[in-house]
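# Fold and geometry: a report
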Amino acid sequence: KYLLMGAAGIIIFCSLFLLYQFITQDYRRHMDYLYVLPSVVVVYLLAYRGLRFPDSLISFQELPAKKKYERSSLSPSAAAVYLDKLAEKVEQEKWYRNQGLSLGGLALELDITTHHLSQIINEHHQKNFFDYINSFRVQEAQGLIQSSRDRSLLEIAFSVGFNNKNSFNNAFKKHTGRNPSFYKKEPIIG
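As a starting point, this report considers the structure included with it. Just so we're clear, the structure is a prediction, and the values are computed from it rather than from any experiment.

## Regarding helix 6 (residues 129–147)
Owing to its 3.6 residues per turn, the α-helix aligns residues three or four sequence positions apart on the same side. With 19 residues, helix 6 should cover 27 Å at 1.5 Å per step; its first-to-last C-alpha distance of 28 Å lies within 8% of that length. For helix 6, a buried count of 14 out of 19 residues is recorded, marking the element as mostly surrounded by other parts of the structure. Taking the backbone nitrogen of F130 as reference, a side-chain oxygen 3.1 Å away marks N128 as the first, capping residue of helix 6.

If you want it as structure tokens, here you go:
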């Protein structure tokens, strides 16, 4: 308590001193120690206190987390309906194969706002839109790599909806932990 009050006092003093110098434009270099030294002492004391008694400082991790969508107008029943529509479009109709697929385009097709669609994907699949779509693309690519060994990886990437080889490689590695070329060299399991 006293440390924080002292630190606040020093900060106020330094601020007033700098304000005085700014208003009067009476700068003297040898007077810098009047605000630099107290500032250094405050930083040192706070760091020492934090290292010596870590429980005495406020832990931001213990503060209750604000829910991302707590003010959303999307009801749970509407979310369930849109979740079913999303699954139908993406999983059954394989919309993920569309190379130009975007959050806005899919939201328009589902007749939902982009904010609500993003909320549904984040809350129910714990992924962002691109990770959600790429997970289906990578899953299909894995099957094609195993079943169609004569097809090139680039051909497979384009057929499942990727625009280029780099995004295919990055997504594949993110979802499987391996590069597609390494995956292709593995023996067929099954």
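## Some remarks on the packing of helix 6 against helix 7 (residues 153–160)
Interhelical geometry of helix 6 versus helix 7 gives an angle of 140 degrees and a closest axis separation of 9 Å. With respect to their mutual orientation, helix 6 and helix 7 come out oblique. Helix-helix and strand crossings are classified by hand; for helix 6 and helix 7 the assignment is right-handed. Here helix 6 contributes R137, E140, A141, L144 and I145 to the contact with helix 7, which in turn contributes L153, I156, S159 and V160. Partitioning the contact of helix 6 with helix 7 into residue classes produces six nonpolar, one polar and two charged.

## Focus: the packing of helix 6 against helix 8 (residues 165–176)
Where helix 6 meets helix 8, the closest approach of the two axes is 9 Å, and the angle between their N-to-C directions is 90 degrees. By the criterion of interaxial angle, the relationship of helix 6 to helix 8 is roughly perpendicular. For the pair helix 6 and helix 8, contact is made by D131, N134, S135, V138, A141, Q142 and I145 and by F168, A171, F172, K174, H175 and T176, respectively. Of the residues that constitute the contact of helix 6 with helix 8, the class distribution is six nonpolar, five polar and two charged.

## Overview of a nonpolar patch on the surface
Together, I12, L16, L19, F22 and I23 make up a nonpolar patch on the protein surface, roughly 570 Å² of accessible area in all. Relative to the assigned elements, I23 resides in helix 1 (residues 2–24).

About the thresholds
- Residues numbered from 1 in each chain as written.
- Predicted model: local features only at pLDDT ≥ 70, side-chain atom pairs only at ≥ 80, totals over all residues.
- Heavy atoms only, no water.
- Helix = DSSP H or I, 4+ residues; strand = E, 2+ residues; numbered from the N terminus.
- Expected span 1.5 Å × (residues − 1).
- Buried < 20%, exposed > 50% of the residue type's maximum accessible area, 1.4 Å probe, protein only.
- Polar contact = N/O pair within 3.5 Å; in protein donor to acceptor, adjacent residues only side chain to side chain.
- Axes fitted to C-alpha atoms, helices over the stretch in contact; angles between N-to-C directions.
- Parallel < 35°, antiparallel > 145°, perpendicular 65-115°, else oblique.
- Left-handed = near helix turned anticlockwise from the far one by under 90°.
- Contact = heavy atoms within 4.5 Å.
- Nonpolar A, V, L, I, M, F, W, Y, C, P; charged D, E, K, R; others polar.
- Patch = residues over 30% accessible without salt bridge, like charges linked within 9 Å, V, L, I, M, F, W, Y side chains within 5 Å.
- Areas by Shrake-Rupley, 256 points an atom, 1.4 Å probe, with all protein chains shown as cover.
- Salt bridge = Lys/Arg side-chain N within 4 Å of Asp/Glu carboxyl O.

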